Amino acid sequence: MQTYKLNNGVEIPVIGFGTWETPNDASGAEAIKYAITQAGYTHIDTAAAYRNEESVGKAVRESGISRDKIFVTSKLWNTKRGYDNVFRAFERTMQNLQMDYLDLYLIHWPAIQSQYPDSWTQINYDTWRAMEQLYKDGKIRAIGVSNFMPHHLEPLLDKCDVVPAVNQIEVHPGYQQVEAVEFCKQKGILVEAWSPLGRGDALVNQTIMGIADRLGRTPAQVCLRWVLDKGLLPLVKSVTPTRILQNIDVFDFSLTEEDTKKIDALTDCGGMCLHPDKVTF
Ligand code: A2P
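Report follows, based on the coordinates. (Residues numbered from 1 in each chain as written. Predicted model: local features only at pLDDT ≥ 70, side-chain atom pairs only at ≥ 80, totals over all residues. Heavy atoms only, no water.)

## Section: the pairing of strand β10 (residues 233-237)
For the record, the criterion: Relative accessibility under 20% of the residue-type maximum defines a buried residue, over 50% an exposed one, and the middle range a partly exposed one, all with a 1.4 Å probe and only protein chains included. Numbering goes from the N terminus for both helices and strands, where a helix is a DSSP run of H or I of at least four residues and a strand is a run of E of at least two. A pair of strands counts as paired when DSSP detects no fewer than two bridges linking them.
Counting buried positions over the five residues of β10 gives four, a clear majority of the element. Relative to β10, strand β3 (residues 16-18) runs parallel, the two sharing three bridges. Its bridge partner lying in β10, glycine 18 is registered against lysine 237.

## Considerations on the packing of helix α7 (residues 206-215) against helix α8 (residues 219-229)
As a reminder of what qualifies: To obtain each axis, a line is fitted to C-alpha atoms, and for helices this fit is confined to the stretch in contact; angles are then taken between N-to-C directions over 0 to 180 degrees. Here roughly perpendicular refers to angles of 65 to 115 degrees, roughly parallel to angles under 35, roughly antiparallel to angles over 145, and oblique to all remaining angles. Residue contacts are counted whenever heavy atoms from the two residues lie within 4.5 Å of one another.
Direction vectors running N to C along α7 and α8 enclose 100 degrees, while the axes themselves pass 8 Å from each other. By the angle between their directions, the pair α7 and α8 is classed as roughly perpendicular. Two secondary-structure elements touch here, α7 through Ile208, Met209, Ile211 and Ala212 and α8 through Pro219, Val222 and Cys223.

## A short note on the site of the ligand
Operational definition: Any residue with a heavy atom lying within 4 Å of a molecule or strand is counted as near it. Distance and chemistry together define a polar contact, namely a pair of N or O atoms within 3.5 Å, with one atom able to donate a hydrogen and the other to accept it when in protein, and with adjacent residues in sequence counting only for side-chain atoms on both sides. Nonpolar residues are Ala, Val, Leu, Ile, Met, Phe, Trp, Tyr, Cys and Pro. Charged residues are Asp, Glu, Lys and Arg, and all others, Gly as well, are polar.
Near the ligand there are 15 residues, and of these Ser195, Lys237, Ser238, Thr240 and Gln246 occur at the shortest range. Side-chain polar atom of serine 195 to an oxygen atom of the ligand: 2.7 Å apart, as the coordinates give it. With respect to the ligand, the backbone of arginine 199 contributes an N or O atom lying 2.9 Å from an oxygen atom. Here the residues of the shell around the ligand sort into five nonpolar, seven polar and three charged.

Coordinates in, geometry out; function isn't part of it.
Quick look at the structure:
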């Protein structure tokens, strides 16, 4: 698996196996184990809020692949923001995963002005300081954020000691977030794309289906290739073996410039299109 180099020199496999909505049971663990052992994924993305960290840990252990060959990400949930809370939440995540270090730990969503009018920047900074401490203590190889727009990142970048290595945001052909992507690139922050298939909606888009037909590939593969061509890191979720195999098989074809232009011009083809300032959780 090819890698991107994060701003602290850590290498991260260019495709991650997403696990949002992967059940925390034997079937979930089996799907993750299949992804590692049969399809060759070496990067698994979970979160405390997904409530499946146990299954991720189990799948990694049972894969027979050594821990240092798998890149594991988890995320701090919104109710655990604030300096002291982060350490407790991190401990819990490590207990769930049964691991002794994490490759990447992210703040799942920024504290926002509508919920914390006077303190949102301070909350984000206090949370970040604890992430920095865990990083400096050697418990995490890289730290980052998720769902941060430029105006959430700016106050953090003004004060932080460690620049986030990653920002994981929703990106797919129907929600391209060009401004946020460009901002992160300028700051040396790698953008990870969650829901790169637009929750499946992009797969029934006529433009994408047409390109897939011409190339003899699937619409999912076209979406993933488009994300990779932008220098972003797709986190693709599936619990279906054929799709798990298909979604990593994207390194032996190219989109033409015209294909890329056509996809770039799409505006509205599904997905969640969540704006972090408008969420209620
Ligand atoms: P499933 O897990 O049942 O296989 P996204 O990553 O954009 O949120 O999309 C995830 C959704 O897309 C899941 O419902 C997943 O279904 C489905 N999916 C994943 N890979 C493919 C694929 N190659 N073809 C069609 N649907 C897919």
